[in-house]
Protein chains: 2
Amino acid sequence: MRTSRNQFLLDEEDVPTHWYNILADLDVPSSDVRRARPAAQPAAGAKRSAPNLPLSMYRASVGAERYVKIPDPVREQYQRWRPTPLIRAHRLEQELGTPAHIYYKYEGANAAGSHKLNSALAQAHYYRQAGVQEITTGTGAGQWGTALSMACHALGLACTVFMVRVSHAQKPYRRVLMELNGARVIPSPSGTTEAGRALLAASPDSDGSVAIANAEALEHAQTVHRGAFAVGSGENHVLLHQTVIGEEALRQMELAGEFPDVVIGAMGAGSNFAGLAFPFHRERLRTGAATRLVAVEPSACPKMTRGRYAWDYNDYSGTTPMTKMYTLGHTFVAPGVHAGGLRYHGAAPLVSALYARGLMEAVAYDQKEVFEAGAFFARTENLVPAPESAHAVKCALDEAIRAREENRPRVILFNVSGHGLLDLSAYDQYLAGELQDHAVSDSHIAASLAALPDVDPVGSRS
Amino acid sequence: MRTSRNQFLLDEEDVPTHWYNILADLDVPSSDVRRARPAAQPAAGAKRSAPNLPLSMYRASVGAERYVKIPDPVREQYQRWRPTPLIRAHRLEQELGTPAHIYYKYEGANAAGSHKLNSALAQAHYYRQAGVQEITTGTGAGQWGTALSMACHALGLACTVFMVRVSHAQKPYRRVLMELNGARVIPSPSGTTEAGRALLAASPDSDGSVAIANAEALEHAQTVHRGAFAVGSGENHVLLHQTVIGEEALRQMELAGEFPDVVIGAMGAGSNFAGLAFPFHRERLRTGAATRLVAVEPSACPKMTRGRYAWDYNDYSGTTPMTKMYTLGHTFVAPGVHAGGLRYHGAAPLVSALYARGLMEAVAYDQKEVFEAGAFFARTENLVPAPESAHAVKCALDEAIRAREENRPRVILFNVSGHGLLDLSAYDQYLAGELQDHAVSDSHIAASLAALPDVDPVGSRS
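Chemist: Which parts of the structure should I look at to understand the sheet that holds strand S11 (residues 227–229) of chain B?
Modeler: Strand-to-strand pairing in sheets goes through backbone hydrogen bonds, with the strands running parallel or antiparallel. Residues and elements named next belong to chain B. Pairing in this open sheet of four strands is parallel, and the strands run S10-S9-S8-S11 from one edge to the other. Where the open sheet ends on each side, the last strands, each with one partner, are strand S10 (184–188) and S11. Across the sheet, the mean angle separating the axes of adjacent strands is 20 degrees when strand polarity is ignored. In this structure, strand S8 (residues 134–139) lies alongside S11, joined through three bridges in parallel fashion. When the sheet's bridge partners are listed, threonine 136 is paired in S11 with phenylalanine 229.

Shown next, in the form of structure tokens:
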């Protein structure tokens, strides 16, 4: 390990050997954090379908073992770019004139450009071990698809990505990255699946959506020999894989000689927030520290701050099993903010359980103030944050400014989950004054909450 | 410092304290490596103009002192991202099945995305010290402009960049990066300068060129209070600043316990090649090692392999002083390859002097084989090289394959001067089979060589 004025770096051998399973430290009925089939039958003609998870991966993520060993081949892959740096933002502190100490963990310095690679590699490993030869997924702007394509290439698996058509056409760079890694990228809705064909018949010019892309990917995976469908957030196992972020950050904060008063992450379905925050939950339990954990969501998709804790489907069409989560309802369609990774209608069951017990906070910000924070961070720290990560930046800046106003020290830690180099067109719109805020009306939310499934779940998992 | 299986990393305090001036180790008349005014008068109406270099920066770059101290404020800036990693490309070796050991220095992991930041920060420092308040430059695809905008922001200077119009319109991402750093970016030809207005009057739809952008920048700098014009390659001082790359690489190769048999860099005007290679020239002189230094140029702009060693202008219009260099003639216009940074008609005087004395080699590659190498490297090493850097990759692969064919060990070191994340559209064209090679005919080169100035230079510098 080595430290400098700005950076706290660990060595290759310091890559954690275990992921952290928060279920060991969370008093919650196991049924609340598993998937469940609805007791009621699906509507006539609708199919029930669920990702077919490798058992070893699934079991570790719903068990009570506190530590789950990272398989050696996965840890070796992690060592290609991990441990990631923890950076003290001295310049940000100076610019803000704050007594706060600001630290950020930077997860964007790998080829996929985001934290998503942590779970993509783990999943590719488990699926390969289970005999899978091709992994399929849906992707929006492409962070998850990019990570999965790289993981599949590294581990010798085929990869098919259904990419939302409007992103496929307008944001080609991540598509090119996926193709460079040998993935087949299909604009969705496509003519290659029943779901896609049905949708195209109804609206030939459809822009597509992540929900549709995932429906196509799920169907495709079932038709492929030794195929499987994988998702990049929300599920317990994904959150588990991401805890490698927080485990490293714990050691790095130790090197820095401080412990955070507040830990901040952007909130899509929750894997990036959980990855950083969960290990700090364990540590504050151990030491009694009063560390706050804060998830940051866009005002355009306020599942935590304005949603309901309820059983709901994970997809728009309601064909997947249900999970108990903070949700705006599976029929909620968020306005088209640039932080596409934060537009999911629900929060991961594990994050939801933490929130329901008052063990964390959530805050929502509008798009323009988020980009203002992101641009300020880019200029000051010389790192353009992804629009998703800029949400965490905004919250960290607010915490630092509050510390200044209260004239109190405060140690702030947040996660820059990815870089924004492939999202510069959004920053361009910000600089040109063309960005919009997207207020979501109470009636809009009430309508989608009214469509929550009116059924009791049974069983714990397919 | 720390080493791992793949990476040889130095600590912040290991950032070199001095740049290396190759003039101390090169038997060359000083007049050959300085700028000179032509003895003949310019054509009626033409203006003579030259960058107005800060004296301290200029003197260090034409003197005989072997080591030039890096000013403390510059070294502090370097420490924000330097030392950069030296990486052993184990996977590449495995994929190629070569006995060669392949190392690359990676200069793309800073906010500007390339080595250009090394000189941009140094120049911004010297200009500020000289009382300059605004730096102006011309840029093509934007690597240099991006670096300069960041350097100016970091040191509190204003920055104006004239950006080739077609790039401004079609490759907006680097423009956005510049604007995020507070630079004013003007599409060139523009209506803001005489040169631009004259050109627009003749061809209102002109796409522009780097030569025109630089002419506008030079004119603009002369109208600005405390303004200056800066260039990103070619000049002695720029090459000097870049030697920080090779000085680090020397120490890192020592950590790896090897010395390169061949050192490779892509060749535009020469700053990235020289930055890595020059310190190895000094070291091979000291130890008697038979290390080869190889510059790689595009077949579309073969100034080294097919040009002439002669006095020539640095700009298309012939208004700047002359330098003695390998050149295709200042009126040579290279075909539009994606490696925009390698389309300059001449080679830096210092690199030219080395080449003329048989102390280095040069090789030229076609565009398609270069992108094939870049894509292979991206898949294998999980790092997309800039199209410019992909030229060095191609040469390194060829060296490694030759080692395999000869069944001999060989230690190969090359420079990945920048990442290609903002050049993915070019890789897209490669994957789609749409890339062209651009053969340059003998008569094309003969014509531009015939336009070489027929004058003897006088003096050593304005």
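Chemist: Looking at this structure, I do not really get helix H10 (residues 236–256) of chain A. What am I missing?
Modeler: Given 3.6 residues to a turn, an α-helix orients residues that are three or four positions apart in the same direction. Residues and elements named next belong to chain A. Taking 1.5 Å as the rise per residue, H10 with 21 residues should run 30 Å; its terminal C-alpha atoms sit 30 Å apart, in good agreement. At glutamine 242, H10 is bent by approximately 30 degrees, the largest bend along its length. Most of H10 sits out of view: 18 of its 21 residues are buried. Residue glycine 257 follows H10 closely and has a positive phi angle near 75 degrees.

Chemist: Hey, could you run me through the interface of chain A and chain B in this one?
Modeler: Where interface size is quoted, it is often the accessible area lost as the parts come together. Contacts between the two partners involve 36 residues from chain A and, on the opposite side, 36 residues from chain B. Counting across the chain A and chain B interface gives two salt bridges. Arginine 175 of chain A is paired through a salt bridge with aspartate 428 of chain B; the nearest N and O atoms lie 2.9 Å apart. Scanning the region where chain A abuts chain B turns up eight residue pairs in polar contact (both at pLDDT 80 or more). Among the secondary structure elements, those contributing two or more residues to the side of chain A that touches chain B are strand S2 (7–9), helix H7 (172–180), helix H14 (367–381) and helix H16 (424–431) of chain A. The greatest single-element share of the side of chain A that touches chain B, amounting to six residues, is contributed by H7 of chain A. Among the residues making up the side of chain A that touches chain B, the classes are represented as 15 nonpolar, ten polar and eleven charged.

Chemist: Is there a simple way to think about the pattern of salt bridges in this case?
Modeler: A side chain with one charge may pair with a side chain of the opposite charge, provided their charged atoms come close. This model, assessed by the stated rule, comprises 40 salt bridges over all chains. Between arginine 88 of chain B and glutamate 93 of chain B there is a salt bridge, and its shortest N-O distance comes to 2.6 Å. By the burial criterion, arginine 88 of chain B is buried, and glutamate 93 of chain B matches it. Among the ionic pairs, arginine 306 of chain B bridges to aspartate 442 of chain B, the shortest N-O distance being 2.7 Å. Linking arginine 306 of chain B in helix H12 (residues 303–306) with aspartate 442 of chain B in helix H17 (residues 442–450), this pair joins segments that are 136 residues apart in sequence. Under the relative-accessibility criterion, arginine 306 of chain B is labelled partly exposed at 30%. Since its relative accessible area comes to 58%, aspartate 442 of chain B is described here as exposed. A network of salt bridges, in which partner residues are shared, links Arg292, Glu361, Glu399, Arg402, Glu406 and Arg410 of chain A.

Reading the values: the criteria
- Numbers given to residues run from 1 along each chain, matching the order in which its sequence is written.
- To read the labels, note that chains go from A and ligands from 1, taken in the order they are written.
- Per-residue local features are limited, in this predicted model, to residues with pLDDT of at least 70; the limit for side-chain atom pairs, both in listing and counting, is 80 or more; totals at the level of whole chains, interfaces and linings are taken over all residues.
- Think of the side-chain values as coming from all heavy atoms in the structure, minus any hydrogens and water.
- The criterion for strand pairing is that DSSP finds at least two bridges linking the strands in question.
- Only DSSP runs of H or I with at least four residues qualify as helices, and only runs of E with at least two residues qualify as strands; both kinds are numbered from the N terminus onward.
- Lines fitted to the C-alpha atoms define the axes, with helices restricted to the stretch that makes contact. Angles between their N-to-C directions range from 0 to 180 degrees.
- Take the number of residues in a helix, subtract one, and multiply by 1.5 Å to get its expected span.
- At any given residue, the bend is defined as the angle formed between two axes, one fitted to the seven residues that end at that position and one fitted to the seven that begin there.
- The classification of residues rests on relative accessible area computed with a 1.4 Å probe and restricted to protein chains. Under 20% of the type maximum is buried, over 50% is exposed, and intermediate values are partly exposed.
- In this description, contact between two residues means that some pair of their heavy atoms is separated by no more than 4.5 Å.
- For this analysis, a salt bridge means a side-chain nitrogen from Lys or Arg found within 4 Å of a carboxyl oxygen belonging to Asp or Glu.
- Here a polar contact means two N or O atoms within 3.5 Å. Within protein one must be a hydrogen donor candidate and the other an acceptor candidate, and residues neighboring in sequence count only if both atoms are side-chain atoms.
- Each residue is assigned to one class: nonpolar for Ala, Val, Leu, Ile, Met, Phe, Trp, Tyr, Cys and Pro, charged for Asp, Glu, Lys and Arg, and polar for all the others, Gly among them.

As far as function goes, none of this settles anything; it's purely spatial.
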